[in-house]
Each structure stands twice: as structure tokens, then as C-alpha cells.
Amino acid sequence: MRAATRSTCAYCGVGCGVLLTPDGHGGLDVKGDPDHPANRGRLCSKGAALGETVGLDERLLAPRWHGREIGWDAALQTVADRFANTIARHGPDSVAFYVSGQLLTEDYYVANKLMKGFIGSANIDTNSRLCMASTVAGHRRAFGTDTVPGTYEDLDEADLVVLVGSNLAWCHPVLYQRVLAARAARGTRIVVIDPRRTASCEQADMHLALAPGSDVALFNTLLVALREGGALDEGFLRHVEGSDDTLEAAHADDPAKTGLSAEEIDAFCRMWMGTERVVTVFSQGVNQSAQGSDKVNAILNCHLATGRIGRPGMGPFSVTGQPNAMGGREVGGLANTLACHLELEDPAHRAAVQAFWESGPLPQAPGLKAVEMFRAVGRGDIRALWIIHTNPAVSMPDADAVKAAIAGCDFVVVSDVTGATDTARLADMLLPATAWAEKDGTVTNSDRTISRQRAVLPAPGAARPDWAILAEVGRRMGFHAAFDYAGPAEIFREYAALSGIAGQMGRDFDISGLGALDEAGYAALPPTRWPVSPGRSGGRFFGDGRFFHPGGKARMLPVTARPPAARAGRRYPFRLNTGRIRDQWHTMTRTALSPRLSAHLAEPFLDLHPEDAARLKVSAADLVRVKSPEGQAILRARITRDVAPGQVFAPMHWTGETAPSARIDALVAAVTDPVSGQPESKAAVAAVERFDAAWYGFAVSATPLAPEAEYWARARTPAGWRAELAGRAPVADWEAEARRLFGLPDAPLQSLMDACRGSARLAFLDGDRLIAALFVSRAPVAVMRDYLVTLPGTAVPEALTGRTPADRPDPGPVLCSCFGVGVNTILTAVERQGLMSVDAVGQALQAGTNCGSCRSEIAGLIARAQTKEAAE
Ligand code: SF4
């Protein structure tokens, strides 16, 4: 067996190290790297299932021009010519790149250099705009640079961890495991600040379900309490400007905006004030807001005022969504930044970069941020667009309008690993890029640690690395010397050298100490936290009171809470919150390839409070239509007290490929934070009504399905596929419909039809083996789904019952993805064996003992069982 190769997980900004061992047949064994400082061997469910996502299913293997395969030479020349001609006729700002936190730093560097340095436009933005642009803005306003002050070790050493707008248990599970380990070791307390009760609340000491968007009011109240409690650090405040104005603004703000009781606020303030080692972790719930930048600064104000920053176990801590969101920030991938944390609008910085790149004049003003960029595409101002490793036709707010804008653009290039995305299907030119396990370069995680990503699988077909595609287009546009790279190591050295200039100009980002790495040194580079310069390495920032504004001081910023931009009213009475689920990633182009990950939550849903459900006459498992001024969706209702009355929550993962009526960002208005340009993705307004279908269906199949119903959602299973279906138009011939759905025109069929009840059950067979089955009913179909999905390919005499045989219990929906343990299995064990802890469940069933991502949910099940027992 080959030795494992050290690399980095493809998903979130925790940046876990992985050990990769190819199996010699295109597959990959994936384990956590015990030596990586981010995870010390841990992986979450997504990371642990990476090996299931590296197959060639749906891979794009050759360039395609309007759907037809062409050679690289013709493809690259077409891209270079079309961009050059567009620039010649309409100027440099008529073209744009929309890139991604999935890019490696070296890819990002080349893309940014090509656009800002040689095309001469700043129209390059990244999907990180949707993720943490408000943090970038907040950091820059407070610190003078986009610097994350702390390190992951602070989570181990804190006595209080405050999660603001962060479902750490699901979105950054390995960090959550670190927090839980600290809790076990030193009694670290956990506070969750979130309008919604999330999995992170299960083990929290306090959950503050504040009104959506009111975080500024809460942290202003905390700041006032800190002053009144004598907790301000007057010594540290000598390094900070603006404290008086900020305190005055905080005092004028109204705690009632939070909707929290005085007792809740007081308890939180006392806990925060009385704990020296406090880390405030914040994420999308803070960033994705029309007041995201102010929310960030409200948090930073409290840490600056108390000097709780840059010392062990304390500080504000932004955790990023994507594997290389931080690398993109460092390399200048945002439309309003320059490389190496240099400022686009600073003439001296521009001059330094221009001289280093030996380019023409750099753009003097920021380019178009993501929302503005797609508006410009829609207007026809952007005429050539290159989208790299991202799916804006699904993930952008007002996604239907973005989809139409891309479709109407004169020339659209999409570089991706698959052509099966909503965006790739709109491309004129599709370019096949190498995927995660085939790529070589570096990424930076949320605590500034640069890790190597190493290729362990050969590039399939004609796929090429992104840096190579971009550099070749640069050369064909006439910029030969600037893009004549031999490989990623050479790009990294150039980048490190540029960072040395940034360091000399007083910036934080300086990795010039890595600038002399040769090929072997780059290949062997261990995880390294920046800065890395002759005078400095790793560690925390700002504990010494030195910041990056002129004059060296930090700035506290007066902020006042504002409600979300869209007002809920009679027509759209609900506040729609969007977010992630535990086992899916972004628009599911990779995670949906894993049956294990699809088992957790296989269908898009809307969480609805019981009071609202009763008023709307919606029962559990009904379908609901959700409407906003921008669009609409059909989703499965989940009735839960996790959301407050008047609020609903829906995940953002489903697409035209997996559930076309559930593209939730089609409902989100393109309203942005005025400073950061980040969209408000968590506070749309919506109306909800029952979706009264004439029929509902559930299908399982050994082969892919082709649903055409008004509502459908499909997912992979270990035995093939599953799908939920529903429609309002009656179906006259269910056999014909099922044969079309499964692509089985001639297969033998068993069926049970009841026209009076409107039910149909059809099973297609190959000998005695089940190939596919469809269950139809006038009400949401009541069958044992988690049993049925195991049946395709097996001999099943009684498939049409839709139920497990009497001697086989129904495991229920999968909760522990690693060991396939279902909810019913856990509940039964808890009740019958009297299991009182997550560890006891683990000992009995293995559930929660591998990646630990489900431990919060197991804790919730135990609590549920105990409540039920107490009530009885
Ligand atoms: S927490 Fe999970 S998704 Fe994030 S980097 Fe680690 S293994 Fe990957």
C-alpha cells in the first residue's frame, strides 16, 4: 500500500489536514491528519466522506464550446480572443471574473494578477463576497487591515466561547469538537446568539434567540454594561481611537431591539464581563446582513474596549465558510482589495504592485462587487464573463435574475470540474479543471495557517489546473513574460516576494520568509501560520497594542442597530432565514455524490413554528409554497420550535440538478451591506402557504431517475437513487409515468393500483431483484423510506408494502452518517437501555464515535427522551 499523502480538506475554513491514500482504482482512502494543528486527526462527516466524491461521475473531461467537445488550443484561443476583442471594443471594465474560495492561492494569485494587473480592471470578485466580506470590512475599519487576531488555540484556552450567528456544530464541526473538548477539560462555557435554535445550542449554557438582525443592539448593550461594570481596560484603550463616540452611540441604542428579556441580556453581560478569557466566534449570521460590517465592529468594539484581544484564550474570531476564503482575501481576490492586504485605493500601494508585476497602470477604484457585477452583466455592461468553480445561478441572491443575466451575456466561460451545474449549463465555453485531489498548491484556513494541498490522483481526461488555464489565457492575450510560470511553486515564490514588499510598507500579511522555498521545500511545506518574515512568525496579533491604521492605533466604531432591510408585512409576513445543513456543502456539486452524506437530510425543507403551521393548516410532511417579492420555492414542511413564530428557515444547497423548485436564493433580495457589499441572506421576507398537490410520490431506483413533476428532489443512496415527487396535475397512467421516470420501457412490473383512493404502488423487477419502485398517494406518502432505499438490487418479495418485515425494526432517518445509525435506533436504545449520555449511546451503538458531527443531535434526542419520560 502506498504511503499516505498529507493534504487539506476541500470544504470549510477550518482547514483540516487529511491523509490521502489512493486505492489504485481511482478511489481514495481519507483519514484525519494527526499532525495537522487545525484538527489533530479529527474530521467531520463531510471530510470523512471525501473519498466518496472523487469518482468520475459527472466529471467534465474536455473543453466544450456550446456543448460540443473541442481541443484546448481552440478553447484557450477563443477565450483569449473574445476577452481581448471585448476589451478593445468596450474597455477593460466590460469584462469580469467571478471566482471562488475553492481556488487555491496560486490560482487566485494568477487570476487577480491577470485582471487587475494586465487587463487593467478590478472586476474580479469572489463568492467569498457572500461569505465573509463584512468581516473583511469590519477588520479593516477597526484594525487597519483584514487581520484575524487569534488562533485556534484560543478556543482550547478560553473560559467562555460566544457563538454569534454561527452554527459551529454543523458548519465548522471540528472547531466545535475542540470547544467541547475544552469544555470537558476546563469547563469552558458556551453561549449561542442566534434567532434559531441550532445544533450548537444542544450543549450550550445559554441560547439568546435575539430578533433577526439585532446583534448590534446586543453588543452595544454589552459595551455599555462593560463600562458601567468597570470592565474597560483603560491601559489598552490608549491604543484605541474612537472609544468615547462609540460608547455614546452604544448608550443611545435600545436593548429592546433584540427582543430579549432584561434578565437574558443581564445574564449574558455578566457572564461576558466576568470572564477574562472570552472568544467571540462569528460567522455567516453576522456577515450575511445589510448591517454585517456594523455587526462585526460592534463585536470588535467590546474586545478592543476590554483589551481582550491577541492574548491566549481571548479575542474576536471570524470563521470562514470556504477552504481558501482566507487565501482569497490575502491574495486580493475581492474587487476592492489589492494583493497581500495592500490597498487598491492607495497610490503608493498600487505603484508598488505595478512595479513588482511590471504591468500597466492598475485600476484606481474598486471593481464591481458580486451583486453589482451580475447586475452589470444583466444590463449588458459586462460582455465577457469568466466564472470559476462557483455556481452563481443558484447561490447569488435573486438567483433567477442572475441566471437570466448569465444566460443573456455575450460570452460566458465556466471553468469547473463538472458540466452538471445550473451555471455550467449556461456557458458558451466550458473548461475542464482539475478537482481537489488532483490539485497542487496552498490554502489558508481561518486562523491564518497556510497548508499544502497535494495532488494524489492524476488529472482525468483533459482537465488542467486553474493556474495553468489562466496563465495560458494571459499569455495568449499578449502578456507572455508575466504569466510564464512553470508551476505552483514558482507562483507561490512570486507571491511571497510581493508580500515582503507589503510587509516593508507596514502591512500585516508578510510571508516573505517562504520566498526562497525551492521545489522540494514547497512540496514539503508543513502547515505554517503567517506572518512568516525575517522579523516575525506565527502567533497572535494586537496583544501588543500595535495596529495597522496610520498612527498605529485601533479604531472603535460608533454603530447603531438597524432592522433588516426588507420589512415583513401583511403580504410577506415571515422572516426567511437561509443557511447550511450538517452534511452538505454549498450547491452540492461534490457532497451530493456521497450517498452517506445524502442520508442525513435528503430533501429540501422549511422549518416552521407550530403556531404558524396551525394557522396555515400545514401538517408535518406537507409541502409548502414559499413566496417572496423575488421568487418562490416549494419545500417540505418541518414543524419545529427551533424557529420562533413568524420566522422560517430553509437550507441553501438545493439546485436545478437536485430539486429545481427549491433554489432558495431565488427568494432572497439582492440587498447588500453598504460597506462590504455582502448580501443579506438571512433576513428575506416571505409568505408561506400549503402546496396542495393532487398526488405525492416516493421513488427508489438502482439507476438515475428523470423526474419531471412540479416538485421533485432526488438524492443518491448506497443502492442507487431516491426521489420525492408531487404534482397538481392528475396523472392518468401511472405505469407509463413510472416507466418514463425510471427509463424502463419493458421491465416486468408488479403493481397495486387503487383508483378510488388515488394510490399506486409499482415495482419493476429483474428476475427476483427489485430495480425500481414508485409509491403514489393523494397525501404525503407514508412508507419507510430508510428501509426502501436499501432495496434496489436486492431480492425483495414484499417491496410493495413499503414497510420493513415484521422481524426487522425501522431504523428511521440516518443521524450518524459514519455508522448509518438512525434516529429510531438511538431513541429505542435510549429508552430501553436507559442511556443517559452521548458517550453511552456511542458505546452501545457506535453512533457519534467517529467524526462526532452528530453528537449534538444525539444529545438532543436524549433530552427529548428524558422530557418525554418525565412527562409520563
Ligand atoms: S471541519 Fe469538516 S468540512 Fe471543515 S475542514 Fe474539517 S473535515 Fe473539512
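A short tour of the structure in this document, coming up.

Some points on the overall build of the chain
Logical step 1: For the chain, the count of helices and strands is 28 helices and 36 strands.
Logical step 2: Taken over the C-alpha trace, the chain has a radius of gyration of 27 Å; the compact-globule value for 872 residues is 29 Å, and the two agree within 12%.
Logical step 3: Principal-axis analysis of the C-alpha atoms places the extent of the chain at approximately 80 × 70 × 60 Å.
Logical step 4: Considering the chain as a whole, with its 872 residues, one finds that 64% of them fall into the buried category.
Logical step 5: Within the chain, contacts between residues at least 6 apart in sequence are counted, and of these 71% link residues at least 24 apart.
Logical step 6: For the chain, the accessible area works out to roughly 30,000 Å², and carbon and sulfur atoms hold 50% of it.
Logical step 7: The averaged location of the 97 negative side-chain charges in the chain is 1 Å from the averaged location of its 89 positive side-chain charges.

A few points about the site of the ligand
Logical step 1: Around the ligand sit Cys9, Tyr11, Cys12, Val14, Gly15, Cys16, Leu43, Cys44, Lys46, Gly47, Pro173 and Val174, and that is every residue in its neighbourhood.
Logical step 2: Breaking the shell around the ligand down by element, the ones donating at least two residues are helix H1 (45-48) and helix H7 (173-186).
Logical step 3: In terms of residue class, the shell around the ligand is built from nine nonpolar, two polar and one charged.

Some points on the nonpolar core
Logical step 1: Ranked by internal contacts, the top residues of the largest apolar core, which has 115 residues, are Phe97, Phe268 and Trp386.
Logical step 2: At nine residues, the largest contribution of residues to this core is made by helix H8 (residues 215-228).
Logical step 3: In this structure, Ala10, Leu175, Leu601 and Ala613 belong to the second largest nonpolar core, which totals 100 residues.

Section: the sheet that holds strand S17 (residues 441-444)
Logical step 1: Reading across from one edge, S17-S18-S19 is the order of the three strands in this open sheet, with antiparallel pairing throughout. Each edge of the open sheet carries a strand with a single partner, namely S17 and strand S19 (528-529).
Logical step 2: Sheet topology places S17 next to strand S18 (residues 449-453); four bridges connect them, and they run antiparallel. When the bridges of S18 are listed, glycine 441 appears paired with glutamine 453.

A look at the pairing of strand S23 (residues 574-579)
Logical step 1: Most of S23 is tucked away: six of the six residues are buried.
Logical step 2: Every second residue of S23 is oriented toward a common face, with Phe574, Leu576 and Thr578 on one face and Arg575, Asn577 and Gly579 on the other, all of them buried.
Logical step 3: In this structure, S23 lies alongside strand S28 (residues 684-690), joined through three bridges in antiparallel fashion. Of the residues in S28, the one forming a bridge with phenylalanine 574 is alanine 686.
Logical step 4: Pairing analysis gives five bridges linking S23 to strand S27 (residues 647-651), with the strands arranged parallel. Across the sheet, residue leucine 576 finds its bridge partner in S27, namely valine 648.

Concerning the pattern of salt bridges
Logical step 1: Counting across every chain of the model gives 60 salt bridges.
Logical step 2: Among the ionic pairs, arginine 690 bridges to aspartate 692, the shortest N-O distance being 2.7 Å.
Logical step 3: Residue arginine 785 is joined to glutamate 724 by a salt bridge in which the shortest nitrogen-to-oxygen separation is 2.5 Å. Highlighted residues: arginine 785 in helix H25 (residues 785-788) and glutamate 724 in strand S31 (residues 720-727), separated in sequence by 61 residues.
Logical step 4: Shared partners join several salt bridges into a network, and the residues in it are Glu153, Asp156, Arg178, Asp447 and Arg529.

Conventions we followed
- Residues numbered from 1 in each chain as written.
- Predicted model: local features only at pLDDT ≥ 70, side-chain atom pairs only at ≥ 80, totals over all residues.
- Heavy atoms only, no water.
- Helix = DSSP H or I, 4+ residues; strand = E, 2+ residues; numbered from the N terminus.
- Rg over C-alpha atoms; globule rule 2.2 N^0.38 Å.
- Buried < 20%, exposed > 50% of the residue type's maximum accessible area, 1.4 Å probe, protein only.
- Contact = heavy atoms within 4.5 Å.
- Areas by Shrake-Rupley, 256 points an atom, 1.4 Å probe, with all protein chains shown as cover.
- Lys, Arg positive; Asp, Glu negative; His and termini not counted.
- Charge placed at Lys NZ, Arg CZ, Asp CG, Glu CD.
- Near = heavy atom within 4 Å.
- Nonpolar A, V, L, I, M, F, W, Y, C, P; charged D, E, K, R; others polar.
- Core = buried A, V, L, I, M, F, W, Y, C linked by side-chain atoms within 4.5 Å.
- Pairing = 2+ DSSP bridges.
- Salt bridge = Lys/Arg side-chain N within 4 Å of Asp/Glu carboxyl O.

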